Amino acid sequence: MKKMNETDLAMIINNKTYIDYLDRLKLLAVSLFKWKGLDDVAGFGASRFLELALYENGRACFVKDESKGYLALKVNPTDKLNVYNLPVKVLAWSIGYNKTYDFDDVVYIMNNELELPTSNTLSLFAYRLYETERTIDVNLIAQKTPVLIEGDTKTILTLKNVYMQYSGNTPFIFGNKQFDISNKLNVLKTDAPYLVDKLELHKHEIWNEALTYLGIDNANTDKKERLITDEVESNNDLISYYLNCFYKTRKQACDLINEKYELNIEIELNKEITNLLNISEDDIINYEDRSGENGEIYYNN
């Protein structure tokens, strides 16, 4: 088996780090809401598929097929748009299903008012998290090898073998009498500054901004001091605004589904997601919701 070089290994770790952060954020995004009763009428997995479609495509639809019954599907606008920039006809589709409907014959579900996929924004957050995480890795390694070694061609292989033992945390490095390379080397200290603590803080700030975008409480996750009232209220409001961007269009679609097909489906906030963030009763903002007159979600202080 061919040994992997350092460049290939670095590329693999880069890709894995980015994908890992994107998957973590995606797990949170598709778990924000519960569609109660949807799986009962449209089949097991309908609610999961619906949230994935909204996450990836920014829109989905609910239909009643003549032979298959109720279905939650992906959707693409077809034909022309009406005066409100809504499609006159849509293509409802999934694996093994592809059918054109009049717009009024389906319930058109938007991820938000702009029909933007959540994945667009989270991929940017994942990239920034990946860049920061890998910078931490590089800076940490620089603390382990804060020198540059210059030698002649004959010495390079010996140096590489020694470094492999060193980078592999080998407790002892042995050499024979021919190992005397003291007169063949120039050692330059890089004096790389230790930046891990600052980078970790920067990473948490990016992560918290991503959580804010998703409407998830993060006001006191990495601050030792308690926040002042204005900071709490500002963060509280922004979280609520973002969460309502996703909740409002789902609530409208849920109401239309029930009205159109005489069903009893409910959409609600998944409060269990706070367990993923280890939020306790001592946090400044309690992750509880109450509905306003128009179904908006607010946080209680």
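Our subject is the structure listed above.
This report concerns the structure included in the present document. Position numbers for residues start from 1 in each chain and track the written sequence from start to end. pLDDT decides what is reported in this predicted model: residues at 70 or higher carry local features, side-chain atom pairs at 80 or more are listed and counted, and totals for whole chains, interfaces and linings draw on all residues regardless. Side-chain calculation: all heavy atoms of the structure are included, whereas hydrogens and water are not.

**Describing the packing of helix α3 (residues 46-57) against helix α4 (residues 118-144)**
Fitted lines through C-alpha atoms serve as axes, helices being fitted only where they are in contact, and the angles separating the N-to-C directions of these axes extend from 0 to 180 degrees. Each helix is a run of H or I in the DSSP string that is no shorter than four residues. Each strand is a run of E no shorter than two, and both are numbered from the N terminus. Relative orientation of the contacting elements α3 and α4 amounts to 65°, with a least axis distance of 5 Å. It follows from the interaxial angle that α3 and α4 lie roughly perpendicular. From α3, L54, Y55 and E56 reach across to α4, where they touch T118, S119 and L122. Partitioned by chemical class, the residues of the contact of α3 with α4 number 3 nonpolar, 2 polar and 1 charged. Oblique is the label for any angle not under 35 degrees, not over 145, and not in the 65 to 115 range, which are roughly parallel, roughly antiparallel and roughly perpendicular in turn. What makes two residues a contact is simply this: any of their non-hydrogen atoms within 4.5 Å. Note on residue classes: Ala, Val, Leu, Ile, Met, Phe, Trp, Tyr, Cys and Pro are nonpolar, Asp, Glu, Lys and Arg are charged, and everything else, Gly too, is polar.

**Things to note about the pattern of salt bridges**
Every case where a carboxyl oxygen of Asp or Glu lies within 4 Å of a side-chain nitrogen of Lys or Arg is listed as a salt bridge. The final tally for this structure, using the stated rule, is 11 salt bridges. A salt bridge links R59 to E115; the shortest N-O distance between them is 3.4 Å. Here the residue R59 occupies a position in strand β2 (residues 59-65), and E115 occupies one in the loop between β6 (107-110) and α4, the gap between them amounting to 56 residues. Three labels apply to residues, based on accessible area from a 1.4 Å probe with only protein chains included: buried if under 20% of the type maximum, exposed if over 50%, partly exposed otherwise in between. Residue R59 is classed as partly exposed on the basis of its relative accessible area of 22%.

**Here's the deal with helix α6 (residues 196-214)**
To estimate the expected span of a helix, subtract one from its residue number and multiply by 1.5 Å. With 19 residues, α6 extends 27 Å between its outermost C-alpha atoms, agreeing within 8% with the 27 Å of an ideal straight helix rising 1.5 Å per residue. Turning to α6, its buried residues are V196, L199, K203, I206, W207, N208, A210, L211, T212, Y213 and L214. Among the residues trailing α6, G215 stands out with phi positive, at a value near 85°.

Function cannot be read off these values alone, since they describe shape.
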